[in-house]
Amino acid sequence: MNGFDWEAAGEVLPLVLQGFKVTLLATVLGTLVAAVLGLAVAVAGRAPSRFVTVPVRVVMEFVRSTPLLVQLVGAAALFNTVEPLTIGIVVLGVHYAAYTSEVYRAGIDGVPKGQWEACRALSLPPRRTWQAVILPQAVRNVLPALGNYAISMFKETPFLAVIMVQEMVFEARKYGAEHFAYTEAFTLAGLVFLVASYPTSLLMRKLEKRLGH
């Protein structure tokens, strides 16, 4: 051990921060995909037709039962003409949609039955019932859980390096291989992950406590 090389750290930091922009972009867009698709899956799971519910359930179980890494590699092989970052965002979004859909389902099930009965008594159409009554309550209750999944997604973006997405870990590993400075590169990447995710996790805890009252 020759100690921590501060000169190498100074050289790799701009590269890590450049990779952080890609990491953040993948996390934000992947979270949006997961939030929207997960909600659609949760609502589709309550459809009266088995022709809708069964295929949705099968697909979501497949996604939950296979590793994210395998999904990334498989998607990159099937869609090799698509930009790797686009593939990464979509795969992250679909992967986490399988979990956010369960969060939404729990939120929908948590809406008091009286709300449903009141909507039927007022003869509200199903679309109006969902948009104006059910979903606002369900989404409000599950916001902290959705935020926690966003943090988890952020911490799993290093998997995108396997399909050549130039995020933080990709940049750190590249610099480490070229300059034999893995300690400095990965230490800085880890610190950026910590600085970005820890305050967000505290915010989610505060939001959870606030919504719990």
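Coordinates for the structure precede this section.
Cut-offs and rules
- Residues numbered from 1 in each chain as written.
- Predicted model: local features only at pLDDT ≥ 70, side-chain atom pairs only at ≥ 80, totals over all residues.
- Heavy atoms only, no water.
- Helix = DSSP H or I, 4+ residues; strand = E, 2+ residues; numbered from the N terminus.
- Buried < 20%, exposed > 50% of the residue type's maximum accessible area, 1.4 Å probe, protein only.
- Expected span 1.5 Å × (residues − 1).
- Bend = angle between axes of the 7 residues up to and from the residue.
- Axes fitted to C-alpha atoms, helices over the stretch in contact; angles between N-to-C directions.
- Parallel < 35°, antiparallel > 145°, perpendicular 65-115°, else oblique.
- Left-handed = near helix turned anticlockwise from the far one by under 90°.
- Contact = heavy atoms within 4.5 Å.
- Phe/Tyr/Trp six-rings, centres within 6.5 Å; stacked < 30°, edge-to-face > 60°.
- Salt bridge = Lys/Arg side-chain N within 4 Å of Asp/Glu carboxyl O.

(A) Representation of the overall build of the protein chain within the structure. Within the protein chain, the regular secondary structure consists of eight helices and zero strands. Tracing the protein chain from N to C terminus, the helices and strands come up as α-α-α-α-α-α-α-α. Its C-alpha atoms give the protein chain principal-axis dimensions of about 75 × 45 × 25 Å. Taking all 213 residues of the protein chain together, 37% fall into the buried category.

(B) View of helix H6 (residues 126–156). Spanning 31 residues, H6 covers only 38 Å between terminal C-alpha atoms, well under the ideal 45 Å at 1.5 Å per step. Where H6 bends most, at Leu143, the angle is about 50°, and the proline Pro144 comes one to four residues later.

(C) Quick peek at the packing of helix H1 (residues 6–44) against helix H7 (residues 168–179). Put simply, H1 and H7 touch, their axes get as near as 7 Å, and they point 150° apart. With respect to H7, the element H1 is oriented roughly antiparallel. Handedness of the crossing formed by H1 with H7: right-handed. Residue-level inspection shows Ala8, Glu11, Val12, Leu15, Val16, Gln18, Gly19, Phe20 and Thr23 of H1 in contact with H7, the latter providing Met168, Glu171 and Tyr175.

(D) Representation of the environment of Lys155. Structurally, Lys155 is set in helix H6. A C-alpha to C-alpha distance of 20 Å links Lys155 and Ala75, two positions 80 residues apart in sequence.

(E) Region of the structure containing the packing of aromatic side chains. Inspection of every chain in the model, using the stated rule, returns eight aromatic pairs. On the basis of an interplanar angle of 85° and a centroid distance of 6.4 Å, the ring pair of Phe20 and Phe154 is categorised as edge-to-face. With a gap of 134 residues between them, Phe20 in helix H1 and Phe154 in helix H6 connect regions that are remote in the sequence. A ring pair is formed by Tyr96 and Tyr99, whose centres lie 6.3 Å apart and whose planes are at 55°; its orientation type is tilted. On the criterion of helical spacing, the pair formed by Tyr96 and Tyr99 is a turn pair, its members being three residues apart in helix H4 (residues 84–109).

(F) Quick peek at the pattern of salt bridges. For the coordinates displayed, the defined rule picks out five salt bridges. Here Arg46 ties to Asp109 by a salt bridge, and the two come within 2.8 Å at their closest N and O atoms. Pair noted here: Arg46 is in the loop between H1 and helix H2 (50–65) and Asp109 is in helix H4, with a separation of 63 residues, a long-range link. What makes Arg46 partly exposed here is its relative accessible area of 40%. The closest approach of N and O atoms between Arg64 and Glu61, which form a salt bridge, is 2.9 Å.

Just distances and angles here, no functional claims.
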